[in-house]
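Next come the chains, spelled out residue by residue.
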Amino acid sequence: MTAGPGSRNFFVGLLKSATSLSQLSQTHAQVIVHGLQYDLAIVTKLTHKLSDVKAIHKARQLFLTIPKPDLFLFNVLVKGFSKNESPLASISLYAHLRNNTSLTPDEFTYAFAISGAVGFKDDKYGILLHSHSVVDGLASNLFVGSALVDLYFKFSQVELAQKVFDGMSERDTVLWNTMISGLARNCCFFGSIRAFSDMFARGMPFDSRTLAAVIPAVAELNELQVGMGIHCLTMKEGMDYDVYVLTGLVSLYSKCGEIDTARFLFGKISHPDVVCYNAMIAGYASNNDTESSVRLFKEFLALGEKVNPSTIVGLIPVSYPFGHLQLTSSIQSFCLKSGFLSDSFVSTALTTVYCRLNEIESARQLFDESPKKSLASWNSMISGCTQNGLTEMAISLFREMMSVFSPNPTTITSILSACAQLGLLSLGKWVHNLIESKNLESNIFVKTALVDMYGKCGSIVEARELFDLMTEKNVVTWNAMISGYGLHGHGNEALELYNEMLHTGVAPNGVTFLSILYACSHTGLVREGDNIFKSMVLDHGFEPLAEHYACMVDILGRAGQLVQALEFIRKMPIEPGVVVWGSLLGACMTHKDKSIARVASEKLFELDPGNTGYYVLLSNIYSADRNFPKAALVRQVVKNRKLEKTPGCTLIEIGETTHVFTAGDRSHPRTMEIYAMLDKLTGKLKEGGFQTETITALHDIEEEEKELMVKVHSEKLAIAFGLIATEPGTEIRIIKNLRVCLDCHNATKLISKITERVIVVRDANRFHHFKDGVCSCGDYW
DNA sequence: ATAGGGTTAG
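Residues numbered from 1 in each chain as written. Chains lettered and ligands numbered in written order. Predicted model: local features only at pLDDT ≥ 70, side-chain atom pairs only at ≥ 80, totals over all residues. Heavy atoms only, no water.

Right, let's talk about the overall build of chain A for a bit. Within chain A one finds 43 helices and 6 strands. Referenced to the eigenvectors of the C-alpha coordinate spread, the extents of chain A come out at roughly 110 × 55 × 50 Å. Contacts in chain A between residues far apart in sequence, at least 24 positions, make up 62% of those at least 6 positions apart. Carbon and sulfur atoms make up 55% of the accessible area of chain A, which amounts to about 36,800 Å² in all. (Helix = DSSP H or I, 4+ residues; strand = E, 2+ residues; numbered from the N terminus. Contact = heavy atoms within 4.5 Å. Areas by Shrake-Rupley, 256 points an atom, 1.4 Å probe, with all protein chains shown as cover.)

Here's what the structure looks like:
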């Protein structure tokens, strides 16, 4: 047949060039006029084009008019449903084809259906299609394999994706590209780069898509050198004018802080589109150049171009929120007016900034009012709570979320952080099971968070086991393990690990030094701490922050070298702030040094008049020195200024249930038994010659204060409850929100001996393992 | 069947 007017080829040609629904409808009308409405070539082309212009319902209606569609037409509609986010329609059509026709699905059917299955909430349909494709002998086809690899990556099933990839007998550029971008999108940044160099080493031809896929991984790792290598490669291959590659490079250089190079490359793009602008706007914002970011945004608007949600997201000062409350609310009003606020990416970014600005109420309002809550929206609200210490709210949001979404690695990481903060080992273990059942163990964030959680919940051995099993570790992973050892007072293990870390070539950061100094402090390793501090400056060129100085003061102070500590502070090149003086005051309490305490506390009252902790510490110092009038005076100051001290409370988990006790608490259902146990213990303690410090410290203190001190401290109640609620001989673990007091510390030592129990206490500062009358902290805390 | 920018996490 020729292409003359009214012929099949004529209509097919007409359809090919059509770009709008109205053109397609007109042509369709003419097709009917010419009696060609059942011509499969024409119908297939029309179906294809209808789904291209998103008129998927029309495509479906057309399909239904065809009495005997062939496999090609089925495939076109399966693809149409998949591309138009109708996964259910796509898989139903596939099932219909498979079960109710004489046709057999081919590699295209599977490839299209699998790519549609990505749109489901979970991966069960994808797995079903995978197994069917295995049965039909098509799973090792390149098209099907690529679609499967992509599918598993979209569901964070990195290992399954890898398995499919490894099992392929043949690999082409597309399959490699899918692998490289999938790894990058699943935070396997090293893996992504490794796959790229593997591909390169095997002589597999790569294209600009390959580079565009690997660049984000390089950017995420801040691997400037690797990035520059890839940049050279793009020039060598003549791909340095590819807009995708250039955009990726703009983002890469921005993320590595090379904003000038980013700007230069942006200038090289002949016709930058909105995505390029977005990368540059976000680049400025993430380099703390809010002004340029806003300027470029306005420039882009002035061009009459339409911004998209990503433009706004890049503009929102997520990385440098401080001092930009005004800008943030301006952006919010702009979004409200232009309708961007309903975009979940935008509202998520705004929620995050408000959380980082400690404007939790604004964040919560935004979150509650956002019409389409994505998993990321929930994650940003949950992590915002976690980071602001609102851990209970975080956990209740998490429970609420679970009925709508299945948690992803980000959610898991946030919630593990909440568990770590609260010491909720049982919830932490539950999350660990969840991770295993969901196969999310390959994520480095998740594993690091697990190590951190076990360390902070007292299971240091468990933490180490997980740590050792990790094949990929970054600086945060090492930091988590080192600080875990620090919390438990295992300074030597921390030092060993630190050296091992240096050996493996991972560069330490500020947190590493903080963790290792902290570990030295809690183990009384003065000389080692001093060496680390010096090496930090001399070998690693690291500029110590106030926190690092505070740690050194802590080290000297805990070791009783208070004069040296004061001397050290006087020599500091930066202004010693609250943390530094606070450390000194804490040390003065331990060593009962009034005169230096007075120096430190005067500084603190001046710097941070609203904080009660220092008043309490100072008053305790006076009390310990039997200077009750002075102690009362300090407490009076607290009262006059209407400063409230944080009430102490202690938490204990029995099985899955958490019990919280406050001082003198009588609200627990087993109160009678608890107090009876306490009486029994007190009797035995007295027999052992133990004297309560509080009783002797009751002169000259107001009635109200006296009462407070007479009240049984919450940790004793929790321990007594632990003794009656658990099997003899088992370990008791409790968590206190404040630092454990001297009296409770002494009592716990003896209780551990009398009852032959190991008692693990996590206080605000560290872990204490009581066993046989001795505490692991060596009375250093 | 694959690609660039933007949200969430340790």
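Opposite charge on two side chains makes pairing possible when the charged atoms of those side chains draw close. Summed over all chains, the structure comprises 19 salt bridges. Between R194 and E472 there is a salt bridge, and its shortest N-O distance comes to 3.6 Å. Taken together, the positions of R194 in helix α12 (residues 189-201) and E472 in the loop between α28 (460-469) and α29 (475-487) put the pair 278 residues apart, joining distant regions of the chain. Among the charged side chains, a network of salt bridges with common partners joins D150, K154 and R185. (Salt bridge = Lys/Arg side-chain N within 4 Å of Asp/Glu carboxyl O.)

In this fold, P409 is placed in helix α25 (residues 409-422). Distance in space between the C-alpha atoms of P409 and L497 is 27 Å, their sequence separation being 88 residues. Dropping the residues within four chain positions of it, P409 is found in contact with S156, L440, N443 and V446.

With that out of the way, let us pick up the environment of T234. By the element assignment, T234 lies in helix α14 (residues 224-236). For T234, a relative accessible area of 0% gives the class buried. Measuring from C-alpha to C-alpha, the distance between T234 and G524 comes to 54 Å, with 290 residues separating the pair along the chain. Here T234 is in contact with L211, M239, D240, V245 and L249, once residues within four sequence places are set aside. (Buried < 20%, exposed > 50% of the residue type's maximum accessible area, 1.4 Å probe, protein only.)

Lining the immediate surroundings of DNA strand B are 50 residues, of which F112, N177, N278, N308 and F345 lie closest. Here DNA strand B approaches the protein such that, of its atoms within 4 Å, sugar and phosphate make up 39%. Side-chain polar atom of N379 to a base oxygen of DNA strand B: 2.8 Å apart, as the coordinates give it. Q387 places a side-chain nitrogen or oxygen 3.3 Å from a phosphate oxygen of DNA strand B. (Near = heavy atom within 4 Å. Polar contact = N/O pair within 3.5 Å; in protein donor to acceptor, adjacent residues only side chain to side chain.)

The share of residues in chain A with pLDDT of 70 or more is 92%, and the mean pLDDT across the chain is 88. Segment residues 694-704 is flagged for pLDDT under 50; beyond a separation of four residues in sequence, or across chains, it makes 18 contacts in the model. (pLDDT = per-residue confidence, 0-100.)

Quick look at the sheet that holds strand β6 (residues 774-775) now. Spatially, the 6 strands line up as an open sheet ordered β2-β1-β3-β4-β5-β6, and their pairing is mixed. Two strands bound the open sheet, and with one partner strand each, they are β2 (657-662) and β6. Pairing geometry for strand β4 (residues 759-762) and strand β5 (residues 767-771), over 4 bridges, is antiparallel. Of the residues in β5, the one forming a bridge with V760 is H769. (Pairing = 2+ DSSP bridges.)

Moving on to unusual backbone geometry. Leaving glycine out, the prevailing phi sign among residues is negative, and the prevailing peptide bond configuration is trans. Phi angles above zero are rare outside glycine, and S156 is one such case at about 60°. The phi torsion at C187 lies on the positive side, around 65°, for a residue other than glycine. Here C187 is to be found in the loop between α11 (173-185) and α12. We classify C187 as partly exposed; its relative accessible area is 23%.

All right, on to the packing of helix α5 (residues 71-83) against helix α7 (residues 107-117) then. Where α5 contacts α7, the two axes come as close as 8 Å, and the packing angle between them is 15°. Between α5 and α7, the angle is such that the two are roughly parallel. Like other packed secondary-structure pairs, α5 and α7 cross with a definite hand, here left-handed. Seen from α5, the contacting residues are L71, N75, V78, K79 and S82; seen from α7, they are F108, T109, F112, A113, S115 and G116. Looking at side-chain class alone, the contact of α5 with α7 contains 5 nonpolar, 5 polar and 1 charged residues. (Axes fitted to C-alpha atoms, helices over the stretch in contact; angles between N-to-C directions. Parallel < 35°, antiparallel > 145°, perpendicular 65-115°, else oblique. Left-handed = near helix turned anticlockwise from the far one by under 90°. Nonpolar A, V, L, I, M, F, W, Y, C, P; charged D, E, K, R; others polar.)

Going through the model one piece at a time under the given rule, you end up with 22 aromatic pairs. Their ring planes at 40° and their centres at 4.4 Å tell us that Y277 and F300 sit as a pair that is tilted. Of the two residues, Y277 is situated in helix α17 (residues 274-286) and F300 in helix α18 (residues 290-302); the sequence distance between them amounts to 23 residues. The residues Y277 and F300 share a single accessibility class, namely buried. Through a chain of ring-to-ring contacts, three or more aromatic side chains come together here, namely F108, F112 and F143. Across from the ring centre of F165, 4.5 Å away, lies the NZ or CZ of R171, which sits over that ring. (Phe/Tyr/Trp six-rings, centres within 6.5 Å; stacked < 30°, edge-to-face > 60°. Lys NZ or Arg CZ within 6 Å of the ring centre and 35° of its normal.)

On to the state of the cysteines, then. Under the definition given, this model contains 0 disulfides. Not part of a disulfide, C335 finds its nearest cysteine sulfur in C355, a span of 17 Å. For the unlinked cysteine C355, the closest cysteine sulfur is that of C385, found at 6.3 Å. (Disulfide = S-S within 2.5 Å.)

Turning our eyes to something else, we now look at the nonpolar core. One finds I312, M453 and L584 to be the most contacted residues of the largest nonpolar core, which totals 200 residues. It is helix α9 (residues 142-154) that contributes the most residues to this core, 8 residues altogether. Leave out the neighbours within four places in its chain, and I312 touches F297, V307, I331, F334, C335, F340 and V346. Listed in part, the 23 residues of the second largest apolar core include L717, I751, V761 and C777. (Core = buried A, V, L, I, M, F, W, Y, C linked by side-chain atoms within 4.5 Å.)

Attention now goes to the side chain of N186. For N186, the position within the fold is in the loop between α11 and α12. Judged by its relative accessible area of 10%, N186 is buried. Side-chain polar atoms of N186 contact the backbone oxygen of G182, separated by 2.9 Å. In contact with N186, other than residues within four places in its own chain, are F153, S156, V158 and N443.

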